[in-house]
Amino acid sequence: MKTILIKISLALLLTLATGIAFAQPQVIDIPLSRPGETVNLEISVISAHIEVIGEDRQDASFEISVQEGTRKIITPSGTQSLKTGAYSVEVEEQDNHIEVDTDWRANKVKIVARVPRNANLELSTVNDGVIIVSNINGKMVLENVNGPITATNINGSVIAESVNDNINVSFSGINKDQAMSLSSVNGDLTLGIPEGTGAELHIDSAEGEIVSDFEVDVQPSKPVMSRESNRHGVEVSVESVIIANVNGGGTLIKLKTLNGNINITKSGK
Amino acid sequence: MKTLIKIIGVNATGLSLLLASTVFAAQVEESKTWTESFPVTTSKPTLEISNIWGDVRVRPGKSGVIVVSVKEHRRAPDQKRFDRSLETLGLDIEASDNGVVFQVGNRDGHWHGRDRCRGCRVDYQFDVEVPVDTQLDVSTVNDGRIDIAGVSGSVSAGNVNGPIAIAGLHNCDELNSVNGEVSLGFATAPGQNCDIETINGDITLSMPETSGLDVTMDLFNGRMLTQLPVDPLAIPPRVEHIVSGDRHQYRIEQHAGVRIGAGGPTFTISSMNGDIRIQKIN
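Just so you know, these numbers come straight off a predicted model, no measurement behind them.

S.K.: What am I meant to see in the overall build of chain A here?
M.R.: Tallying secondary structure elements over chain A gives one helix and 24 strands in all. Excluding contacts between residues fewer than 6 apart, the proportion of contacts in chain A whose partners are at least 24 apart in sequence is 57%.

Next up, the structure:
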């Protein structure tokens, strides 16, 4: 009871602090075509709070709500404001692949997805968005142009990209066969890896600080030049990265930010 | 009893034709006007018109008969394509004791046939008199307006690039326009549910002051302006589960709502860029 009260108070405080009110959420429980097998979840919404939670379950559950707006009605006695939260959200399941889509008219959408732990995720949002993932075993591609990405207790691989905000990924286990990348232009990167796990970090930071909880073995590196022909001509780019091995090296993880800091931490600590 | 009449650009038996052909160096044109009566025996006959270029005008007339006057104007860039258009673009009429269907379009029922006649066009201006209780389902696409007055049967109407104007309306089913205004003048308080949709046009409903409606609104850029009293109406979200083969779709839809007067049938109104105007008739 106490916990529930605290949760409600926190939600209320958050609502008051941010001034954002979401309509009463709708919950949809979706049976899977192949229960017990890996789920592929794809969510791409322009403006969204996307939260995916891995749980011990055989189906998927979606809690969906939309930020309330107002619509003016002009009457002879004056103008009335009508609360509106008009939206249309579609969740489609086929062969353990779940796709979530909204119509373009919707205000900011809040989606809380509870899925089996073994899941591959493709999540993206653009404006005023948040991506939060926890307790997932699988491959993840996470894109949030103007908001933060947070993934905790992840066992697998992550490619995460933001332009203007921070990325924080904390692994409980790493897929040794999948190269990974965290990249932001203006945000900080925080990578948490288990204490004994080896990794080969390719670090590219133009302006920020690099802080590591691990002793790192910096390898000699030289600029990598690449050429690409396109219809405008030939594009030549030169990337200069620091290659640093953790625990003797292992999975390649690229960390790239222009103006942010890079933190490498021991996950679970 | 059903009668199928095909009008193929030349004289059709029983039709009075006014034919005028103009042949220029490039463009080939032909105009004609004809009128025909279709007896109907049912108490609530139906009229369906599916036009492409031109107006549809409907007025109340005598009981027991649907009288249609049609102005046809056909043109093509050259004689060869004009002849081709006679085969591919035309008006099919299906008449029965219950009503009449006028279908403008490709004879094969495929639009790719029209592609072979690029630049061909046939405008039909329909002017129809119907028994007052006739149920209407009429539409046009380009350079046309839907103009209905004084019919007490239920009305469905569609237009893509022009307006829909209905006066003396009792009930509507579905009305949709892409770029034109929808203007409905109700003779009595609406008694049944109706869906109205536009993309760029305003929607104007004129109705008696005592009317009651529950309105489900989906407006993007538009406003609602009303001369009748309104109250907010809570509309519960609708969850739909659609199964197609092994694909499961779950759609959640939530709309804003208002109650006009004491409430009544549900009007679902959506517009992207248009306003909704509700006016009272004294």
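S.K.: Got a minute to help me understand the overall build of chain B in this structure?
M.R.: For chain B, the count of helices and strands is two helices and 25 strands. Within the span of chain B, comprising 282 residues, buried residues form 35% of the whole. By sequence separation, contacts in chain B at least 24 residues apart represent 61% of the contacts at least 6 residues apart.

S.K.: Looking at this model, I keep getting lost on the confidence of the model for chain A. Mind explaining?
M.R.: Low pLDDT marks stretches whose predicted atomic positions should not be read closely. All names here are of chain A. When pLDDT is averaged along chain A, the result is 86, and 88% of the positions lie at 70 or above. Mean pLDDT across the elements of chain A ranges from a minimum in helix α1 (residues 2–18), with 40, to a maximum in strand β11 (residues 130–134), with 98. pLDDT under 50 marks residues 1–18. Its contacts with residues more than four places away, or in other chains, come to two contacts.

S.K.: Explanation requested: the nonpolar core in the structure shown.
M.R.: If you look at the biggest cluster of nonpolar residues, it comprises 60 residues, and the most contacted ones within it are V58(B), I66(B), F126(B), V155(B) and M217(B). For this core, the element with the highest residue contribution is strand β9 (residues 121–130) of chain B, accounting for five residues. In contact with F126(B), not counting residues within four places along its chain, are I49(B), N51(B), D55(B), V56(B), R57(B), V68(B), V70(B) and F102(B). Counting residues in each nonpolar core, the second largest holds 55 residues, with V39(A), A48(A), L142(A) and I253(A) among its members.

S.K.: Help me out: how do you make sense of the pairing of strand β24 (residues 266–271) of chain B in this one?
M.R.: Look at any regular strand and the pattern is simple: side chains alternate between the two faces of the sheet. Residues and elements named next belong to chain B. The pairing of strand β16 (residues 194–198) with β24 spans five bridges and is classified as parallel. Counterpart to I196 in the pairing with β24 is I269. In terms of strand pairing, strand β18 (residues 213–219) meets β24 through six bridges, oriented parallel. When the sheet's bridge partners are listed, D214 is paired in β24 with T266.

S.K.: Even after reading the chapter, I still don't get the interface of chain A and chain B, so can you show me in this structure?
M.R.: Frequently, the measure chosen for interface size is the accessible area removed from exposure when the parts meet. Contacts between the two partners involve 28 residues from chain A and, on the opposite side, 24 residues from chain B. Listed by contribution, the elements that provide at least two residues to the side of chain A that touches chain B are β1 (26–31), β4 (59–66), β5 (69–75), β6 (78–84) and β7 (87–94) of chain A. It is β7(A) that contributes the most residues to the side of chain A that touches chain B, eight residues altogether. Each residue belonging to the side of chain A that touches chain B can be placed in one class, and the counts come to 13 nonpolar, seven polar and eight charged. As defined by bridge partners, β7(A) adjoins strand β22 (residues 247–254) of chain B across eight bridges and the pair is classed as antiparallel.

S.K.: Hey, could you run me through the environment of V178(B) in this one?
M.R.: All names here are of chain B. Relative to the assigned elements, V178 resides in the loop between β14 (172–177) and β15 (182–186). For V178 and D275, which are 97 residues apart along the polypeptide, the C-alpha to C-alpha distance reads 14 Å. In this view, V178 contacts V160, N161, I199 and N200; residues no more than four positions away in its chain are not counted.

S.K.: How do you make sense of unusual backbone geometry when you look at a structure like this?
M.R.: Note on backbone geometry: most residues besides glycine have negative phi, and most peptide bonds are trans. All names here are of chain A. Even without a glycine there, the phi angle at D128 is positive, about 55 degrees. Its identity is not glycine, yet N247 carries a phi of approximately 50 degrees, on the positive side. Mapped onto the secondary structure, N247 falls in the loop between β22 (242–246) and β23 (251–257).

S.K.: Explanation requested: the pairing of strand β6 (residues 65–76) of chain B in the structure shown.
M.R.: Residues and elements named next belong to chain B. On β6, burial follows the alternation: I66, V68, V70, E72, R74 and A76 on one face are buried, whereas V65, V67, S69, K71, H73 and R75 on the facing-out side are not. Inspection of the sheet shows strand β3 (residues 28–39) paired to β6 by twelve bridges, in the antiparallel sense. In the strand pairing of β6, K32 is matched with E72. The pairing of β6 with β9 spans nine bridges and is classified as antiparallel. Of the residues in β9, the one forming a bridge with V67 is E129.

S.K.: Can you walk me through the environment of I253(A) in this structure?
M.R.: Residue and element names in this part refer to chain A. Position of I253 among the secondary structure elements: in strand β23. Looking at I253, the number of C-beta atoms within 10 Å reads 25, which means it is buried. In this structure, I253 is in contact with M180, L191, A199 and L201, ignoring residues within four places of it in sequence.

S.K.: Would you explain the confidence of the model for chain B in this entry?
M.R.: A residue-level look at chain B finds 87% of positions with pLDDT of 70 or above and a mean pLDDT of 87. Here the predicted complex scores 0.71 on pTM and 0.77 on ipTM.

S.K.: Honestly, the environment of I50(A) in this entry has me stumped. Any pointers?
M.R.: Residue and element names in this part refer to chain A. Inspection of the secondary structure puts I50 in strand β3 (residues 48–55). On the basis of neighbour count, I50 is assigned to the buried category, with 27 C-beta atoms found within 10 Å. Separated by 131 residues in the primary sequence, I50 and S181 place their C-alpha atoms 20 Å from one another. Apart from residues no more than four positions distant in its own chain, I50 is found in contact with I43, I111, L123, T125, V130 and I131.

Calculation rules
- Within each chain, residue numbers correspond to sequence positions counted from 1 in written order.
- As a convention, the first chain written is A and the first ligand written is 1, with the rest following in written order.
- Owing to the predicted nature of the model, reporting of local features is limited to residues with pLDDT of at least 70; listing and counting of side-chain atom pairs is limited to 80 or more, with chain, interface and lining totals taken over all residues.
- For the purposes of this entry, the term helix denotes a DSSP run of H or I that reaches at least four residues, the term strand denotes a run of E that reaches at least two, and both are numbered from the N terminus.
- For every residue pair, C-beta atoms are placed from the backbone, and the pair is scored as a contact if these atoms sit within 7 Å.
- In this scheme the burial state of a residue depends on its C-beta neighbours within 10 Å: 20 or more other such atoms mean buried, 12 or fewer mean exposed, and anything in between means partly exposed; the C-beta positions come from the backbone.
- As a per-residue quantity, pLDDT reports the predictor's confidence and falls between 0 and 100.
- The term nonpolar core means buried Ala, Val, Leu, Ile, Met, Phe, Trp, Tyr and Cys residues held together as one set by C-beta atoms within 7 Å.
- In this description, strands pair whenever DSSP reports at least two bridges between them.
- Residues are grouped as follows: Ala, Val, Leu, Ile, Met, Phe, Trp, Tyr, Cys and Pro are nonpolar; Asp, Glu, Lys and Arg are charged; every other residue, Gly included, is polar.

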